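Secondary and tertiary structure notes
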Amino acid sequence: MVYFDNAATTAMSEVALDALMEISSNQYGNPSSIYGFGKRAKEILEKSRRIIAGCIGADPEEIYFTSCGTESDNWVMNQIGSAWNSGVTTMIEHHAILYPAKKKAAEGYNIDFLPVDEYGMVKEGAIQKTLTGEPKLVSVMLQNNEVGTIQHIQNLAKIVHKDNEKSVFHTDAVQAVGHIPIDVKTLGVDMLSASAHKFNGPKGIGFLYIRKGCNLQAFILGGGQESKMRSGTESVASIYSMAKALEDNTTNMSTIHANVLLMEKYLLESLKREDIQFEINGAGDNRAAGILNIAFDNFDGEGLLNMLDMHDICISVGSACNSKSQNRSHVLQAMGLSDSRIDSSVRISIGRYNTEKDIDILVKWIKKYRDITMIADL
Ligand code: PLP
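The following refers to the structure shown. Given the structure is predicted, the values throughout are model-derived calculations rather than measurements.

Calculation criteria
- Residues numbered from 1 in each chain as written.
- Predicted model: local features only at pLDDT ≥ 70, side-chain atom pairs only at ≥ 80, totals over all residues.
- Heavy atoms only, no water.
- Salt bridge = Lys/Arg side-chain N within 4 Å of Asp/Glu carboxyl O.
- Helix = DSSP H or I, 4+ residues; strand = E, 2+ residues; numbered from the N terminus.
- Buried < 20%, exposed > 50% of the residue type's maximum accessible area, 1.4 Å probe, protein only.
- Near = heavy atom within 4 Å.
- Polar contact = N/O pair within 3.5 Å; in protein donor to acceptor, adjacent residues only side chain to side chain.
- Areas by Shrake-Rupley, 256 points an atom, 1.4 Å probe, with all protein chains shown as cover.
- 1 Å grid on protein atoms, 1.4 Å probe; cavity = no way out; pocket = protein on both sides within 12 Å on 5 of 7 lines; lining within 4 Å.
- Sits in = over half its atoms within 2 Å of the grid points.
- Nonpolar A, V, L, I, M, F, W, Y, C, P; charged D, E, K, R; others polar.
- Points joined across faces, edges and corners; volume = space filled by probe spheres on them.
- Pairing = 2+ DSSP bridges.
- Axes fitted to C-alpha atoms, helices over the stretch in contact; angles between N-to-C directions.
- Contact = heavy atoms within 4.5 Å.
- Core = buried A, V, L, I, M, F, W, Y, C linked by side-chain atoms within 4.5 Å.
- Domains from an automatic or database assignment.
- Parallel < 35°, antiparallel > 145°, perpendicular 65-115°, else oblique.
- Left-handed = near helix turned anticlockwise from the far one by under 90°.

Considering the pattern of salt bridges
Going through the model one piece at a time under the given rule, you end up with 21 salt bridges. Residue Asp248 pairs with Arg352 through a salt bridge whose shortest N-O separation is 3.0 Å. Residue Asp248 is found in helix α8 (residues 236–251), and its partner Arg352 is found in the loop between β12 (345–349) and α14 (356–377); the two are separated by 104 residues along the sequence. With respect to burial, Asp248 and Arg352 carry one shared label: buried. Connected via shared salt-bridge partners are Lys42, Glu46, Arg49 and Glu226.

Some remarks on the site of the ligand
In the region of the ligand, 13 residues are neighbours, and Thr70, Asp172, Gln175, Ser195 and Lys198 sit closest. The separation between an oxygen atom of the ligand and a polar side-chain atom of Thr70 is 2.6 Å. Here an oxygen atom of the ligand and a side-chain polar atom of Ser195 are 2.6 Å apart. Relative to its unbound accessible surface of 390 Å², the ligand loses 88% to contact with the protein. Among the cavities detected, the one that contains the ligand is the largest pocket. Looking at the shell around the ligand element by element, the count peaks at three residues for helix α3 (residues 69–77). Residue composition of the shell around the ligand, grouped by class: three nonpolar, seven polar and three charged.

A word on the layout of surface pockets
Quantified by volume, the largest pocket comes out at close to 770 Å³. The wall of the largest pocket is formed by 38 residues, among which His94, His95, Asn145, Glu146 and His330 lie closest to the centre. Those elements that place two or more of their residues in the lining of the largest pocket are α3, α4 (95–106), α11 (324–327) and α12 (330–334). For the lining of the largest pocket, the class distribution of residues is 12 nonpolar, 18 polar and eight charged.

A short note on the sheet that holds strand β5 (residues 136–139)
Hydrogen bonds along the backbone pair up the strands of a sheet, which may run parallel or antiparallel. Spatially, β2-β8-β7-β6-β5-β3-β4 is the arrangement adopted by the seven strands of the open sheet, whose pairing is mixed. Looking along the sheet, the strands with just one partner apiece sit at the ends: β2 (63–66) and β4 (110–114). Averaged over all adjacent pairs, the angle separating strand axes in this sheet is 20°, with direction ignored. Taken together, the three bridges between β5 and strand β6 (residues 168–172) define a ladder with parallel strand orientation. Across the sheet, residue Val138 finds its bridge partner in β6, namely Phe169. Lying on the sheet, helix α2 (residues 36–56) is in contact with β2, β7 (191–195) and β8 (206–210); it crosses β2 at an angle near 115°.

What to know about the sheet that holds strand β10 (residues 291–296)
With antiparallel pairing, the three strands of this open sheet are ordered in space as β9-β10-β12. The open sheet has two free edges, formed respectively by β9 (278–280) and β12, since each of these has just one partner strand. Strand-to-strand, the axes of this sheet are offset by a mean angle of 30°, without reference to chain direction. Strand direction decides the pairing type here: β9 and β10, joined by three bridges, are antiparallel. Its bridge partner lying in β10, Phe278 is registered against Phe296.

Side note on the nonpolar core
One finds Ile127, Phe169, Ile182, Leu192 and Phe207 to be the most contacted residues of the largest nonpolar core, which totals 62 residues. Residue contributions to this core reach at least three from each of two domains, namely domain 1 (2–10 + 253–377) and domain 2 (14–251). Apart from the residues within four sequence positions on either side, Phe169 is in contact with Ile127, Val138, Val140, Ile153, Leu156, Ala157, Val160, His161, Val189, Asp190 and Met191. Phe4, Leu268, Met307 and Trp365 belong to the second-largest nonpolar core, a separate cluster that totals 30 residues.

Considering the packing of helix α10 (residues 301–310) against α14
Interhelical geometry of α10 versus α14 gives an angle of 125° and a closest axis separation of 10 Å. Comparing the axis directions of α10 and α14 gives the class oblique. In this structure, α10 crosses over α14, and the sense of that crossing is right-handed. Of α14, the residues touching α10 (which contributes Gly303, Leu304, Met307 and Leu308) are Leu362, Trp365, Ile366, Lys368, Tyr369 and Ile372. A per-class count over the contact of α10 with α14 returns eight nonpolar, one polar and one charged.

A few points about empty space enclosed by the protein
Under the criterion given, the structure shown has two cavities of 30 Å³ or more. Approximately 300 Å³ is the volume found for the largest cavity. What lines the largest cavity is a set of 23 residues, and nearest its centre among them are His179, Val260, Ala289, Ile350 and Gly351. The element that contributes the greatest number of residues to the lining of the largest cavity is helix α9 (residues 253–273), accounting for four residues. Lining the lining of the largest cavity are residues from two domains, each supplying at least three of them: domain 1 (2–10 + 253–377) and domain 2 (14–251).

Some points on the packing of helix α1 (residues 14–26) against α8
Closest axis-to-axis distance for the α1/α8 pair is 8 Å, and the angle between their directions is 155°. It follows from the interaxial angle that α1 and α8 lie roughly antiparallel. Considering only the axes of α1 and α8, their crossing is right-handed. The residues of α8 that touch α1, namely those facing Val15, Ala16, Ala19, Leu20, Ile23 and Ser24, are Val236, Ala237, Ser238, Tyr240, Ser241, Lys244, Ala245 and Asp248. Grouping the amino acids of the contact of α1 with α8 by side-chain chemistry returns nine nonpolar, three polar and two charged.

This is how it looks when you write it as structure tokens:
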């Protein structure tokens with residue numbers, strides 16, 4: 001199997017796997033139990049919180065464990081109607097933000113969906129226009145999952161806070177955490193979502209950073225775990241594994257980043273060498289390393305995906321099968337791409353474990369697809 005869908009999920013790192021196994025086998029106590037075995041599980045939980053906080057410049061009490069990025073995002077958007085009666089988000093968010101935002105809009109709350117430019121960037125003027133002096137809940141993703149655009153979060157958060165000091169700024173950083181340096185204080189955000197399986201940790205675990213003093217309502221009520229904010233017995237093994245994965249990716253960030261960039265360069269050069277015609281969607285200055293949304297000349301994106309799949313090579317497309325017109329990527333549409341360009345696009349996302357050999361295999365089959373398409377066109 002050759003894997004180029006690292007924006008969808010990643011392989012677990014060795015340290016994350018070891019951590020998961022060790023705690024699952026030896027420290028399966030309930031952290032709420034008051035005997036020693038439970039207390040030791042609680043210590044591992046708090047150690048994990050400290051590790052994660054340290055990786056993003058937060059205080060440990062500001063980290064709340066959740067089951068995934070989707071849960072963290074939903075927790076935030078569900079606050080509309082409590083301290084904040086209106087919200088602002090963008091047209092290119094993940095559905096974990098978009099759908100709850102649309103639900104709030106359907107319930108009658110005023111929600112603005114900001115447009116983006118051809119690179120997928122939110123303009124400062126666009127956000128400014130939506131601000132009215134009322135306290136708002138604003139959510140803008142840090143790094144887009146389809147095209148890799150990295151927003152100027154620090155500037156956007158400043159604009160929002162300047163408009164009203166009671167306004168809060170959330171960023172969905174699911175694609176960014178563990179890949180680019182993040183400091184919540186420097187970013188100036190009040191909340192930040194992350195998910196372990198995007199940074200070589202296990203699935204089914206994530207966290208939400210909530211700045212001290214930013215008074216969110218609890219998301220799940222029950223046994224009072226996570227400072228009564230998110231009840232449910234904590235998955236200590238997954239949490240520790242997530243912490244070790246993040247620590248490992250953060251420690252090795254510059255090496256991993258350099259390798260991903262090298263692989264990306266090698267892929268683009270190999271495509272050019274084979275005279276395969278393509279353009280990168282959203283190829284601005286602020287694209288994350290490793291997320292390549294590529295429009296191939298005269299290709300059918302789904303056709304390419306299916307052909308690669310027959311050879312056990314994994315990539316993705318913005319439009320999910322069946323009915324293209326209904327499922328075309330909302331991100332590429334918001335960037336103003338034509339339907340035909342969207343249909344010829346695929347996402348190739350490179351991760352820390354990809355090698356030149358993987359790329360040689362990928363390019364070999366892309367070239368075969370191009371050759372078949374050319375014959376079919378004759
Ligand atoms: N936000 C972004 C930007 C994502 O890319 C994803 C996953 O693809 C999510 C949220 C949802 O994360 P999870 O799969 O952990 O629920």
